[in-house]
Amino acid sequence: MSEARPPLPPFTRETAIQKVRAAENGWNGCDPEKVALAYTPDSRWRNRAEFFSGRPAIVAFLQRKWARELDYRLIKEIWAHGGDRIAVRFAYEFRDASGQWFRAYGNENWAFDANGLMRDRHASINDLAIPECERKFRWDRSAPRPEDHPGLTELGL
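In this text the structure is predicted, and so the values were computed from the model without any measurement.

## Side note on the nonpolar core
- In this structure, Trp27, Ile86, Tyr92 and Trp110 are the most contacted members of the largest nonpolar core, which totals 31 residues.
- Listing elements by their share of this core, those giving two or more residues are helix 1 (13-28), helix 2 (32-36), strand 1 (39-47), helix 3 (55-68), strand 3 (70-82), strand 4 (85-95), strand 5 (101-112) and strand 6 (118-130).
- Not counting chain neighbours up to four residues away, the residues in contact with Ile86 comprise Phe11, Ala16, Lys19, Val20, Ile78, Ala80, His81, Glu108, Asn109, Trp110 and Phe112.
- Judged by nonpolar contacts, the second largest core, of 6 residues, contains Ile75, Phe137, Leu152 and Leu155.

Listed below in structure tokens is the structure:
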């Protein structure tokens, strides 16, 4: 039996926005094993300068990521969509072990299989050190970003 992760392609604007928010909510949960289930078993990734494929590699990558990116909070916003592809822009905030805060900005290009699992993820990301007082993502980490919390456009990012 095939895994399915609705909404399924081809995406409308509405279903693409749903897919983007579902991805945001999943990543904000910071559970590598759960997040990896949204990707095909042989999913191919480029994240910054790292290239890898497969769910075990995704889990290992996310474990490393969230071990060093503490108090992680992410907002994703749709950029474009068509057929089985979605492009997003995103920003996330985190602090390192020394307490220095960062805001990471980036773009992702996604391609999905017929079951709505992501088969390709290409991410370009830049980090900016910020003082704690400039943080904009302050919702309770135990839950997804609240529906009434501003998105990237509303925050001027």
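On we go from here.
## Structural notes on the environment of Val20
- As for its position among the elements, Val20 is in helix 1.
- For Val20, a relative accessible area of 3% corresponds to the buried category.
- In contact with Val20, not counting residues within four places along its chain, are Lys76, Glu77, Ile78, Ile86, Val88 and Trp110.

## Comments concerning the pairing of strand 5
- The buried count for strand 5 comes to 9 of 12 residues, which makes it a mostly enclosed element.
- Relative to strand 5, strand 4 is paired through 11 bridges, and the arrangement is antiparallel. Within strand 5, the position partnered with Ile86 by the bridge is Trp110.
- Counted along the chain from strand 4 to the antiparallel partner strand 5, the turn is 5 residues long, and its residue Gly99 has a positive phi close to 100°.

## Observations regarding the sheet that holds strand 1
- The strand order across the open sheet formed by 6 strands is 2-1-6-5-4-3, and the pairing between neighbours is mixed. Looking at strand neighbours, the two that pair on one side only are strand 2 (50-53) and strand 3, the edges of this open sheet. On average, adjacent strands in this sheet sit at an angle of 20° to one another, irrespective of strand direction.
- Those strands touched by helix 1 are strand 1, strand 3, strand 4, strand 5 and strand 6, and its axis lies near 165° from that of strand 3.

## Some words on the side chain of Asp113
- Within the secondary structure, Asp113 is located in the loop between strand 5 and strand 6.
- Only 2.9 Å separates the side chain of Asp113 from the backbone nitrogen of Asn115, close enough to count as a polar contact.
- The contact partners of Asp113, leaving out residues within four places of it in the chain, are Pro9, Thr40 and Arg119.

Parameters at a glance
- Residues numbered from 1 in each chain as written.
- Predicted model: local features only at pLDDT ≥ 70, side-chain atom pairs only at ≥ 80, totals over all residues.
- Heavy atoms only, no water.
- Core = buried A, V, L, I, M, F, W, Y, C linked by side-chain atoms within 4.5 Å.
- Buried < 20%, exposed > 50% of the residue type's maximum accessible area, 1.4 Å probe, protein only.
- Helix = DSSP H or I, 4+ residues; strand = E, 2+ residues; numbered from the N terminus.
- Contact = heavy atoms within 4.5 Å.
- Pairing = 2+ DSSP bridges.
- Axes fitted to C-alpha atoms, helices over the stretch in contact; angles between N-to-C directions.
- Polar contact = N/O pair within 3.5 Å; in protein donor to acceptor, adjacent residues only side chain to side chain.

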